[in-house]
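Survey of secondary and tertiary structure
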Amino acid sequence: PVIETINVKKSYTVGNNLITALNGVDIKIYQGEYVAIVGKSGSGKSTFISLLQRFYDAPEKTILIDDRPLEEIKRRSIRSRIGVVQQDPFIFRGTVLENIRLNDAQVSEASAVSAAQNVGLTQALRRSERDLSFKCEERGLNLSLGERQLIAMARILAFDAKILILDEATANVDSDTELLMQQAIYSLSQGRTSIIIAHRISTVRNCDYVAILENSRLVEF
Ligand code: ATP
Ligand code: MG
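This section reports on the structure supplied with the text.

Criteria and cut-off values
- Residues numbered from 1 in each chain as written.
- Chains lettered and ligands numbered in written order.
- Predicted model: local features only at pLDDT ≥ 70, side-chain atom pairs only at ≥ 80, totals over all residues.
- Heavy atoms only, no water.
- Helix = DSSP H or I, 4+ residues; strand = E, 2+ residues; numbered from the N terminus.
- Contact = heavy atoms within 4.5 Å.
- Pairing = 2+ DSSP bridges.
- Axes fitted to C-alpha atoms, helices over the stretch in contact; angles between N-to-C directions.
- Near = heavy atom within 4 Å.
- Polar contact = N/O pair within 3.5 Å; in protein donor to acceptor, adjacent residues only side chain to side chain.
- Areas by Shrake-Rupley, 256 points an atom, 1.4 Å probe, with all protein chains shown as cover.
- Nonpolar A, V, L, I, M, F, W, Y, C, P; charged D, E, K, R; others polar.

Assignment of secondary structure puts Phe 159 in helix α6 (residues 145-159). With 19 residues separating them along the chain, Phe 159 and Gly 140 place their C-alpha atoms 20 Å apart. In this structure Phe 159 touches Ile 100, Arg 101, Leu 102, Asp 104 and Val 107, once residues within four positions along its chain are discounted.

Strand order in the open sheet formed by four strands is β2-β1-β4-β5, with antiparallel pairing between adjacent strands. Of all the strands in the sheet, the pair left with one neighbour each is β2 (17-29) and β5 (68-69). The strands that helix α1 (residues 45-52) touches are β1 (3-14), β2 and β4 (63-65); relative to β1, the one it contacts most, it runs at about 110 degrees.

Moving on: the site of ligand 1. As a matter of local geometry, ligand 1 sits amid 13 residues, with Ser 41, Gly 42, Lys 45, Ser 46 and Thr 47 nearest to it. One of the backbone nitrogen or oxygen atoms of Ser 43 is found 3.3 Å away from an oxygen atom of ligand 1. At a separation of 2.7 Å, an oxygen atom of ligand 1 approaches a polar side-chain atom of Lys 45. Considering ligand 1 on its own, with 630 Å² of exposed area, one finds that the protein chains cover 64% of that surface. Elements supplying a minimum of two residues to the shell around ligand 1: β1, β2 and α1. Examining the composition of the shell around ligand 1, we find that three residues originate from one element, α1, more than from any other. Per-class residue counts for the shell around ligand 1 are five nonpolar, six polar and two charged.

As structure tokens, this is what we get:
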């Protein structure tokens, strides 16, 4: 498997309380599969993807990427292997193009431009007469949520991360942008192993498997 979890557990300490967020999740995801995770608020979805990115450490040997325990993989190579689109993507002050390249010289301008084109970002910006030279404010406050997510998607293409993790935006995006994002998600998933926290039925409809989380456990796959 590309991603395997074995009885993975996670709890958070809040004051004197221990909150169980994941209570023994086993999953195997193979090369090229597109898996949607669904579940009620608080069921552990975001916790699961935080662990995959090693934001928090899971118990040793409970998460394997390409059959290697996650804790044995350098953080830097985790980042280049796993591309993430969060609910609220990280945007810094600079042009859209700089935001796609993350100031990394290894990503050429040409590949960033074509990534923007392929995810529909260029098209989304053009609707309001902007282009890739548009200057983003700190945290992308002068961009819509959908545009920020499209930038994060363009990064994944430009960096060619082989694993795609996406926490779909729950906030309302307009229906034009939603359609662009939907197409972008689908085209990004091609040739990648993808895990998508799905809030929209259209996302679930395109996937190979649906993982249902309930009360910190995987109840159906
Ligand atoms: P949503 O659909 O609302 O995004 P989710 O399925 O992503 O929910 P998680 O964010 O993984 O759920 O939360 C699982 C449980 O862990 C919840 O009870 C939540 O309150 C708790 N939790 C999540 N993050 C933290 C944190 N940083 N500190 C303390 N408790 C947390
Ligand atoms: Mg969440």
